[in-house]
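Understanding the architecture of this molecule
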Amino acid sequence: MNYVLWENLVKLIAEHIGFYIKTKDYPSLESKIEARLKALKLSNLGDYYNLLKDSVDFELGNISPQTMYRSQGEWNALANIITNGESFFFRDRGQFDLLQETLIPQLIEQKKNALDFNLKIWSSGCSTGQEPYSLAIVLNKIIPDLSQWNITIIGTDINQDFLKLARIGIYQNWSFRLTEPSFRKDYFTSSSEGWKINHNIRNIVTFCEDNIVQDKTIPIPCYGVDLILCRNVFIYFKKYSVAKGIDKFYSALNPGGYLMTGHAELQEIALNKFQILSFPESVIYQKPEVETIANSYELFESEIDFESMKTDFETDINLPISNYDFNSLDLDELNSNIDYLTQPQRVITEQDNNQKFEENNIVSELKTLLAKAIDREKKEIMPLDGNV
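For the structure given in this document, a descriptive report is provided here.

Rules and cut-offs
Residues numbered from 1 in each chain as written. Predicted model: local features only at pLDDT ≥ 70, side-chain atom pairs only at ≥ 80, totals over all residues. Heavy atoms only, no water. Core = buried A, V, L, I, M, F, W, Y, C linked by side-chain atoms within 4.5 Å. Buried < 20%, exposed > 50% of the residue type's maximum accessible area, 1.4 Å probe, protein only. Helix = DSSP H or I, 4+ residues; strand = E, 2+ residues; numbered from the N terminus. Contact = heavy atoms within 4.5 Å. Disulfide = S-S within 2.5 Å. Pairing = 2+ DSSP bridges. Axes fitted to C-alpha atoms, helices over the stretch in contact; angles between N-to-C directions. Right-handed = clockwise from strand over helix to strand, strands pointing away. Expected span 1.5 Å × (residues − 1). Parallel < 35°, antiparallel > 145°, perpendicular 65-115°, else oblique. Nonpolar A, V, L, I, M, F, W, Y, C, P; charged D, E, K, R; others polar.

Turning next to the nonpolar core. The biggest cluster of nonpolar side chains holds 49 residues, and the ones touching the most others in it are Ile13, Ile33, Phe234, Ile246 and Phe249. Every element with two or more residues in this core is listed here: helix H1 (3-17), helix H2 (26-40), helix H3 (45-59), helix H4 (65-82), strand S7 (225-230), helix H10 (239-252) and strand S8 (253-261). Counting residues per element, this core draws most heavily on H1, which supplies seven residues. In this view, Phe249 contacts Trp122, Ser124, Ile212, Ile228, Cys230, Phe234 and Leu259; residues no more than four positions away in its chain are not counted. The next biggest cluster of nonpolar side chains, apart from the first, holds 41 residues, and it includes Ile108, Cys126, Tyr133 and Ile201.

In total, this model carries zero disulfides according to the counting rule given. Between Cys126, a cysteine without a disulfide, and Cys208, which holds the nearest cysteine sulfur, the sulfur-to-sulfur distance is 8.5 Å.

Strands sit in the order S6-S2-S1-S7-S8-S10-S9 across an open sheet of seven strands; the sheet is mixed. The open sheet terminates on both sides in strands that have one partner only, identified here as strand S6 (205-209) and strand S9 (275-278). The sheet shows a mean angle of 20 degrees between the axes of neighbouring strands, taken without regard to direction. Note: S9 against strand S10 (residues 283-286), four bridges, orientation antiparallel. Following the sheet pairing, Leu277 is matched in S10 by Ile284.

So, about unusual backbone geometry. At Lys41, a residue that is not glycine, the phi angle is positive and equals roughly 60 degrees. With respect to the helices and strands, Lys41 occurs in the loop between H2 and H3. Here the phi dihedral of Asp92 falls at roughly 65 degrees; this positive angle occurs in a residue that is not glycine. Within the secondary structure, Asp92 sits in the loop between H4 and helix H5 (93-113). You can call Asp92 partly exposed: its relative accessible area is 26%.

Remember that side chains alternate between the two faces of the sheet whenever the strand is regular. Among the nine residues in S8, seven count as buried, and that is most of the element. The parallel pair S7 and S8, bridged by H10, forms a crossover whose chirality is right-handed. As judged from the three bridges shared by S8 and S10, these two strands associate in the antiparallel manner. Within S10, the position partnered with Met260 by the bridge is Ile284.

On to the sheet that holds strand S3 (residues 170-171), then. Strand order in this open sheet of three strands is S3-S5-S4, and the pairing throughout is antiparallel. Bordering the open sheet on either side are S3 and strand S4 (188-191), each of which pairs with just one other strand. Where S4 meets strand S5 (residues 194-197), four bridges bridge the pair, whose relative direction is antiparallel. From the neighbouring strand, Ser190 faces S5, where its bridge partner is Trp195.

A rise of 1.5 Å per residue sets the reference length of helix H6 (residues 130-142), with its 13 residues, at 18 Å; its end C-alpha atoms lie 19 Å apart and thus fit the reference within 8%. Judged by how many residues are buried, H6 sits mostly within the fold: 10 of 13 residues are covered. Along H6, the positions that sit buried rather than exposed are Gln130, Glu131, Pro132, Tyr133, Ser134, Leu135, Ala136, Ile137, Val138 and Leu139.

This part covers the packing of H1 against H4. The N-to-C vectors of H1 and H4 enclose an angle of 95 degrees; their axes lie 12 Å apart at closest approach. For the element pair H1 / H4, the angle class is roughly perpendicular. Two secondary-structure elements touch here, H1 through Leu12, Ile13, His16 and Ile17 and H4 through Gln72, Trp75, Leu78 and Ile82. Residue classes in the contact of H1 with H4 are distributed as six nonpolar, two polar and no charged.

Structure (structure tokens):
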């Protein structure tokens, strides 16, 4: 095995879809990659790496759209075989109790007081649909006049195979292991294939594909949401990928909206822009009703921490930077861009495909600039121990 090429592949996967493959999982990934090589009739790992990298090269304007489509198709296939589909109804009962008894009732009361009968919820990383359907069942229970509301629940995932199963909405007994027997009879219909979700619940939920890390825009149905669930997803991500996802969710939330993640998934992640609410069942992150300009600067100041970033950038610049002095870097280029980058909702033009998109990920772009500054001056950095 070409270990350098293998490490580059693992790094590319982490950058493109967020999934960080741990060393202990290499054998499993290797067997899956070998199956893809046979299916694509590719002779070696280098050819496969180049196929995936074509999507990155397209962003740089180096390949044709036809080549990009083939590359993106393989990214979809790869995502389908490496993502985890473990899910079941009302997973983490404590969090669902908090949703049913506190958070969603608060949102409903606020909406009623404002004579706004629109409620939108985003289930990100929804797998085969158990989470968004659980949310729909909660709403069916606690909103007696449900027909008077415009309810939208969006389930998104990077795995297209999972989304196909979610749209069908047929589940086996294992998906109901934390529910009472009456639950299936109330909200599902028994069939020869399993338990099919009833139409009144199915019609509340819509599904679409989304790559939390790579997609530069929020899925259109997910703009202006009141509640986001992204649970047991970030445990597979490195810190810089988590930060990108969190910033994307912040932009999608309505003022006063809530973000719920899995327990302890956001440790060491800067969350200055959110109000942090602590409940016995879970920690919740709320977007303030009124945003302040200072939020952007606080996020920058807390997130750009040279010491904590050394490990993340070590692979990127091909140097053991833990032994180098970051203070020797000339970061004038980075600092001069702070004001520009913190302009909200700025629109930029992507030269390669002449499309416009909104860039909301301030921290990610600042990190990119820092990486460029490091790369520009890496030959001039002197090791602290005096060795060359």
